[in-house]
Amino acid sequence: MPEFIYRQMNTPYATGANWYMQGPFNPELPKELGYLPPLVPQQIYLLGLADADDYGKRQHAKCSPT
């Protein structure tokens, strides 16, 4: 992973240090209330990077000779 991603993942913002992280986390609430899921940015980034990695591996497997 690039250095800037590592640095971002270790900031108070990315770890949710400045966020109110107590429930309830109700996905049915109006969008005007803002972001409400129980994940902090660090967790979202890691999930996204894992998905991108899996996608790349699947695409590479399609191109590889068997």
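For clarity, every value in this text was computed on a predicted model and none was experimentally measured.

A. Region of the structure containing the pattern of salt bridges. All told, the structure shown has two salt bridges when counted by the stated rule. Among the salt bridges present, the one from glutamate 3 reaches arginine 7, with a minimum N-O distance of 3.3 Å. One end of the pair, glutamate 3, and the other, arginine 7, are both in helix α1 (residues 3-9), four residues apart, so they sit about a helical turn from each other. Two residues, aspartate 53 and lysine 57, come together in a salt bridge whose shortest N-O distance is 3.1 Å. Placement of both aspartate 53 and lysine 57 in helix α3 (residues 41-63) is noted, with a separation of four residues, approximately one turn of the helix. A relative accessible area of 41% places aspartate 53 in the partly exposed class. Judged by its relative accessible area of 52%, lysine 57 is exposed.

B. How the structure looks around the environment of leucine 39. On the secondary structure map, leucine 39 appears in the loop between α2 (12-15) and α3. Look at leucine 39 and you get partly exposed, because its relative accessible area is 30%. The spatial distance from the C-alpha of leucine 39 to the C-alpha of tryptophan 19 is 10 Å, given a sequence separation of 20 residues. If we skip the residues at most four places from it in the chain, leucine 39 touches Trp19, Met21, Ile44 and Leu47.

Conventions used here
- Within any chain, residue numbers begin from 1 and follow the written order of that chain's sequence.
- With pLDDT at 70 or above as the cut-off, local features in this predicted model cover only qualifying residues; side-chain atom pairs require 80 or more to be listed or tallied, and sums for whole chains, interfaces and linings still use all residues.
- Calculated side-chain values reflect all of the structure's heavy atoms, with hydrogen atoms and water omitted.
- One speaks of a salt bridge when a side-chain nitrogen belonging to Lys or Arg is within 4 Å of a carboxyl oxygen belonging to Asp or Glu.
- Numbering goes from the N terminus for both helices and strands, where a helix is a DSSP run of H or I of at least four residues and a strand is a run of E of at least two.
- Buried, partly exposed and exposed residues are distinguished by accessible area as a fraction of the type maximum, computed with a 1.4 Å probe on protein chains only: under 20%, between the cut-offs, and over 50%, respectively.
- Contacts are residue-level and defined by heavy atoms, with any inter-residue pair within 4.5 Å sufficient.

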